[in-house]
Amino acid sequence: MPFKIYTYEDPYKLDKADFWDEISSMPHFCGSRTLVNGLKDVLGDNIKGLICPLDELVEHEEVYKQWTDNISLRVQQYSYLSTAFKSFLEKRKISKPFHMALTQNQNHFLEAIRLFVELDIKASAIDGNKGNTEQKLFVYMLKRAQETPLFNFPNTPSREKLKEIVVTLAKKEVDECTGTQQKVKRCERAIGITSQQDFSAIVVHGVHQFTPVQLRLLLAMEKMGMTIIFLFNYQKKYSQIYSSWNDIYGCFDVPIHHDSVITEYQMPTMQNPSNALACA
């Protein structure tokens, strides 16, 4: 199964979940650095493999960084639009007020085109015949953009190359570790464990909303035959509070497996004021 969804009730007892043995040695990617640090502190040595932010992989220089973090490219793309809009004005295909509106909103126009490129939505899939002037222009410019190398989205590295990058990320975690000697040793151990894995599956923690480039990488990895395991905290008795998780992960159209070992979060008997406030 290419996608799996696991949930747990108690983040302080994640390593007791019925699926922990399956995932503890896999590379773990989190929605934020804060979550990485929290899981490292709570779970310690029970996390055997790499754990780092998902964007460390997505925006790696050998993955999508040349698209996501490339000011020079964005300037060139912006200039491409400026030249096109100026040509339309000179050829009287658009009016001066319309041209002024375009220039004032050109950043938004560029972001919209980049979004469609990231989502790999072809201009040919959009019927702009009944659109207004702005919409028709957008479809036209999207088609032109997708025909020029300036808007080519980077190719996803092979599975073998991605594994090399993940091992590099494990080494980076060691270099950036400022914790105790035990924490440093845990990070060092993760390098060897990550290197030995066949890289057939990864775990993705706590992503509230996928960016297009994150989703693009995960879908590409799934097409390579890898299993993507989504993992997040979910308390059944507060189903309405957690309903957004169902909305997000329901898009993957796979059943959700709820941990059967820790079936309810138990508040500690001795609470400090901060913890009591969080629980409330």
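Everything numeric in this text was worked out from a predicted model, so none of it was measured. The residue count restarts for each chain, going from 1 along the sequence in the order it is written. Confidence filtering applies because this is a predicted model: local features only for residues at pLDDT of at least 70, side-chain atom pairs given and counted only at 80 or more, and all residues used for totals across whole chains, interfaces and linings. As a rule here, side-chain values come from all non-hydrogen atoms in the structure, and water together with hydrogens is ignored.

**Digging into the pattern of salt bridges**
(1) Moving on: The salt bridge definition used is simple: a Lys or Arg side-chain nitrogen within 4 Å of an Asp or Glu carboxyl oxygen. Applying the stated rule across the entire model yields 11 salt bridges.
(2) Moving on: A salt bridge links Glu173 to Lys40; the shortest N-O distance between them is 2.8 Å. On the criterion of sequence distance, the pair formed by Glu173 in helix H9 (residues 159-175) and Lys40 in helix H2 (residues 33-43) is long-range, its members being 133 residues apart.
(3) Moving on: Accessibility here uses a 1.4 Å probe with only protein chains present; expressed as a share of the type maximum, an area under 20% marks a residue as buried, one over 50% as exposed, and anything in between as partly exposed. Lys40 gets classed as buried once you look at its relative accessible area, which sits at 17%.
(4) Moving on: Taken together, the salt bridges that share partners define one network made up of Arg33, Lys40 and Glu173. Under the DSSP-based scheme used, a helix requires at least four consecutive residues in state H or I and a strand at least two consecutive residues in state E, with every element numbered from the N terminus.

**Concerning the packing of aromatic side chains**
Here a ring pair, both rings aromatic, is described through the centre-centre distance and the interplanar angle of the planes.
(1) Moving on: Stacked, tilted and edge-to-face are the three classes applied to pairs of Phe, Tyr and Trp rings, where Trp contributes its six-membered ring and a pair requires centres within 6.5 Å; stacked means planes under 30 degrees apart, edge-to-face means over 60, and tilted covers the rest. Going through the model one piece at a time under the given rule, you end up with 21 aromatic pairs.
(2) Moving on: Between Tyr80 and Phe151, the ring centres sit 5.7 Å apart and the planes meet at 65 degrees, which makes this aromatic pair edge-to-face. With Tyr80 in helix H5 (residues 71-90) and Phe151 in the loop between helix H8 (133-145) and H9, this residue pair connects regions lying 71 residues apart in the sequence.
(3) Moving on: On the basis of relative accessibility, which here comes to 2%, the residue Phe151 falls in the buried class.
(4) Moving on: Between Phe232 and Trp245 the ring centres are 4.7 Å apart and the planes differ by 10 degrees, which places this aromatic pair in the stacked class. With Phe232 in strand S5 (residues 227-233) and Trp245 in helix H12 (residues 243-249), this residue pair connects regions lying 13 residues apart in the sequence.
(5) Moving on: Site record: aromatic cluster; members linked through ring pairs are Phe3, Phe210, Phe230, Phe232, Tyr234, Tyr242, Trp245, Tyr249 and Phe252.

**Some points on the pairing of strand S4 (residues 201-205)**
(1) Moving on: Across the 5 residues of S4, 5 count as buried, placing the element largely inside the fold.
(2) Moving on: In S4, alternate side chains face the same way, and those of Ala201, Val203 and His205 on one face and Ile202 and Val204 on the other are all buried.
(3) Moving on: Two strands qualify as a pair provided that DSSP identifies no fewer than 2 bridges between them. Bridge analysis of strand S2 (residues 28-30) against S4 gives 3 bridges, and the strand direction is parallel. Each bridged residue has a counterpart across the sheet, and for Cys30 the counterpart in S4 is His205.
(4) Moving on: Relative to S5, S4 runs parallel, the two being bridged by 5 bridges. What sits directly across from Ile202, in S5, is Ile228.

Coordinates in, geometry out; function isn't part of it.
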